[in-house]
Structures are given as C-alpha cells and as structure tokens.
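Commentary on secondary and tertiary structure
Spelled out from the first residue to the last, the chains are:
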Amino acid sequence: MLELPELPYGRGALEPHISEETLEYHYGKHHNAYVMNGNILLKSANIQVMKVEDLIRKSYAEHRLRPLFNNVSQHWNHLHFWNWMKPGGGGTDLPERLAKKINSDLGSFESFAKEFVQKGFTQFGSGWVWLSWAQGRLVVESTPNGENPLTLGHYPLLGCDVWEHSYYIDYRNDRRAYLESFLENLVNWDYVAERLDSAI
Ligand code: MN3
C-alpha cells in the first residue's frame, strides 16, 4: 500500500517562497489524493506488492494500468519533491562532486539553471522538469503530467513540479518566477548529491 509520508519540515517552513497555504493543498490534498486513489486502483488491479519504482515501470508499460500509473508515479514524484526542497536551500553552493558533474556534462551551473528553467517553463500544460542521470551523464529533461524519467530508463536526481497547483497560489501564472525561486531559494542540493552517489 502507498503511504503519505510526513513532510520533512513544517508546512510554513518554506515561506515566503512556498506558502503554508500551498503546502496545505499540494501536500495535504493533491499528494494525499494520489495515495488514496493509487491504493484503490492497486487493490482492484490485484498486483503483487512490489517496489514503487517497479510498479511505475510495470503500470507504464501496460495501457490498461494507466490510471494506476498516473497515481503511483505522482506519489513517487512528490515523495522526492518534498525532499528536493528545504528551508534555506537553493543557491549555487553545491556539494563539489555534484558541481563537477554539472560543469563537465552541462557546461556550467549557469547553463544548467538556464536549461532547467527554460524546459520547465516551456513544458506545455502539467508536468515536471528534471535533472537526470542518463546512461552515464547528466541531462535536463521535462515530462508531461505524472510521468517521470524512470519511464525512459533514466534516474532522476532533481525534479520540480510545474503543475499549476504547485505555484498558482504564490506566483499566479508566473511559472518562470517559481522555477527561478526553486533554484535560488529551495533546492536541497545535499539530497541531489546523495541521489547522484546512488546513481553512479
Ligand atoms: Mn504536485
């Protein structure tokens, strides 16, 4: 069964960049709904319990399981999304091993940040923007709706939710300002570096 995790910080802890009201809705309503609906669909699909990552790949591969995929994948995305942020996060002071990889694979931190914001900004409709580990190198990519790079055989190191529910209360229609603030004020780079360690 899927379970809603505790948030790793208080609901007001990301203010002023992400408001308490946004987390009340985003975590308390949206993420919770993916867990509740995912569990109902999981039960009716009669699938043996497996790791969430395996469940994502299996339900993505089978068209009849698409509603289950949507909820399980969004559950996974949000599990990590809460940990990809922290109070006082963001900025350009990255763990050295991560900074080096970004420089060698993506040119510089500035070019990474530009591509990340641009791909998130131009993702049409709902989706996510990612920094992923793909066949031995870092890539920036975006996915529609609840999809994530696991479906492409990639390993997500960092993701930012660009569904309107993640920014509309705080940034209204200004998705670009939200993405810039995510990188400048919120990202938990230690968690991104830990995921890089487990990807390599
Ligand atoms: Mn969301």
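Numbers given for residues are sequential positions, taken from 1 along each chain in its written order. Restriction of local features to residues with pLDDT of at least 70 applies here, the model being predicted, together with a cutoff of 80 or more for giving and counting side-chain atom pairs; totals for whole chains, interfaces and linings are based on all residues. Only heavy atoms go into the side-chain values, all of them from the structure, while hydrogens and water stay out.

**Structural notes on the pairing of strand β2 (residues 137-144)**
Here, any two strands with at least 2 DSSP bridges between them count as paired. Strands here are runs of E lasting at least two residues and helices are runs of H or I lasting at least four, both read from the DSSP assignment and numbered beginning at the N terminus. Note that strand β1 (residues 127-134) and β2 share eight bridges and pair antiparallel. Note that in β2 the partner of Leu131 across the bridge is Val140. As consecutive antiparallel partners, β1 and β2 are separated by two residues, and within that stretch Gln135 has a phi angle of approximately 45 degrees, a positive value.

**Description of the packing of aromatic side chains**
Each Phe, Tyr or Trp ring (for Trp, its six-membered ring) is paired with any other whose centre lies within 6.5 Å, and the angle between the two planes then decides the class: stacked below 30 degrees, edge-to-face above 60, tilted in between. All told, the structure shown has 16 aromatic pairs when counted by the stated rule. Taking the centre distance of 5.5 Å and the plane angle of 50 degrees together, the rings of Phe81 and Trp82 count as tilted. Three exposure classes are used, based on accessible area relative to the maximum for each residue type with a 1.4 Å probe and protein chains only: buried under 20%, partly exposed in between, and exposed over 50%. For Trp82, a relative accessible area of 1% translates into the label buried. Look at Phe109 and Trp189: their rings are 5.8 Å apart centre to centre, the planes differ by 75 degrees, and that puts the pair in the edge-to-face class. Here Trp189 lies in helix α8 (residues 189-199) and Phe109 lies in helix α5 (residues 109-122), a separation of 80 residues in the sequence. Every member of this aromatic cluster is reached through a ring pair, and the members are Tyr27, Phe81, Trp82, Trp84, Phe109, Phe112, Phe116, Trp128, Trp130, Phe182, Trp189 and Tyr191.

**Observations concerning the environment of Leu106**
With respect to the element layout, Leu106 can be found in helix α4 (residues 96-106). The sequence separation of Leu106 and Arg137 amounts to 31 residues, and the corresponding C-alpha distance is 9.1 Å. With near-sequence residues (within four places) excluded, Leu106 lies in contact with Lys101, Ser111, Phe112, Glu115, Leu131, Leu138, Val139 and Val140. It only takes one pair of heavy atoms within 4.5 Å for two residues to be counted as in contact.

**Description of the coordination of the manganese ion**
The expected angle between donors at a tetrahedral four-coordinate metal is 109.5 degrees. At an octahedral six-coordinate metal it is 90 or 180 degrees. Binding of the manganese ion to the protein goes through His26 (NE2), His78 (NE2), Asp161 (OD) and His165 (NE2), at separations of 1.9 to 2.1 Å. Mapping the donors of the manganese ion onto the primary sequence yields the spacing H-x51-H-x82-D-x3-H. Of the two residues examined, Asp161 and His165, each falls in the buried class. Metal donors: N, O and S atoms at distances within 2.8 Å, or within 3.2 Å for Na, K and Ca, with water omitted from the atom set so that some sites may seem incomplete.

**Overview of the sheet that holds strand β3 (residues 155-161)**
Ordered in space as β2-β1-β3, the three strands form an open sheet in which the pairing is antiparallel. Only two strands of the sheet have a single neighbouring strand rather than two, namely β2 and β3. Taking the axes of each pair of neighbouring strands and ignoring which way they run, one obtains an average angle of 20 degrees across the sheet. Packed onto the sheet, helix α7 (residues 175-186) meets β1 and β3 and runs at close to 130 degrees relative to β3. Axis definition: a line fitted to C-alpha atoms, limited for helices to the stretch in contact. Angles are taken between N-to-C directions and run from 0 to 180 degrees.

**Details of the side chain of Thr143**
Within the element layout of this structure, Thr143 appears in strand β2. Filtering out sequence-adjacent residues up to four positions away, Thr143 remains in contact with Gln123, Ser126, Gly127, Trp128, Trp130, Asn148 and Pro149.

**Here's the deal with the domain arrangement of the protein chain**
According to the domain assignment, the protein chain consists of domain 1 (20-83) and domain 2 (96-199). The split of the chain into domains comes from an automatic or database domain assignment. Of note, the centres of domain 1 and domain 2, computed from C-alpha atoms alone, are 20 Å apart. Two parts placed together each lose some accessible area under a 1.4 Å probe, and the buried area is that loss summed for both. Buried surface at the junction of domain 1 and domain 2, summed over both partners, amounts to about 1,700 Å²; 60% is from carbon and sulfur atoms. Looking at the side of domain 1 facing domain 2, the largest losses of area belong to Thr22, Phe81 and Asn83, adding up to 28% of the total buried there. The salt bridge definition used is simple: a Lys or Arg side-chain nitrogen within 4 Å of an Asp or Glu carboxyl oxygen. The interface formed by domain 1 and domain 2 includes one salt bridge. Taking the shortest distance from any N to any O, the salt bridge between Arg66 and Glu147 comes out at 3.6 Å.

**Quick notes on the nonpolar core**
The biggest cluster of nonpolar side chains holds 56 residues, and the ones touching the most others in it are Phe112, Phe116, Leu158, Phe182 and Trp189. For this core, the element with the highest residue contribution is helix α3 (residues 66-83), accounting for six residues. When residues of this core are sorted by domain, at least three fall in each of domain 1 (20-83) and domain 2 (96-199). Residues in contact with Phe182, not counting those within four places in the same chain, are Phe81, Trp84, Met85, Phe116, Leu158, Gly159, Cys160 and Val187. The definition of a nonpolar core used throughout is a set of buried Ala, Val, Leu, Ile, Met, Phe, Trp, Tyr and Cys residues joined through side-chain atoms within 4.5 Å.

**Points about helix α1 (residues 20-45)**
Under the convention used throughout, the expected extent of a helix is 1.5 Å for every residue step, that is, one less than its residue count. Compared with the 38 Å implied by 1.5 Å per residue over 26 residues, the 35 Å span of α1 between its first and last C-alpha is a close match. Its axis deflected by about 25 degrees at Asn32, α1 carries its strongest bend there. Looking one or two residues past α1, Asn46 carries a phi angle of roughly 55 degrees, positive in sign. To get the bend at a given residue, fit one axis to the seven residues ending there, fit another to the seven starting there, and take the angle between those axes.

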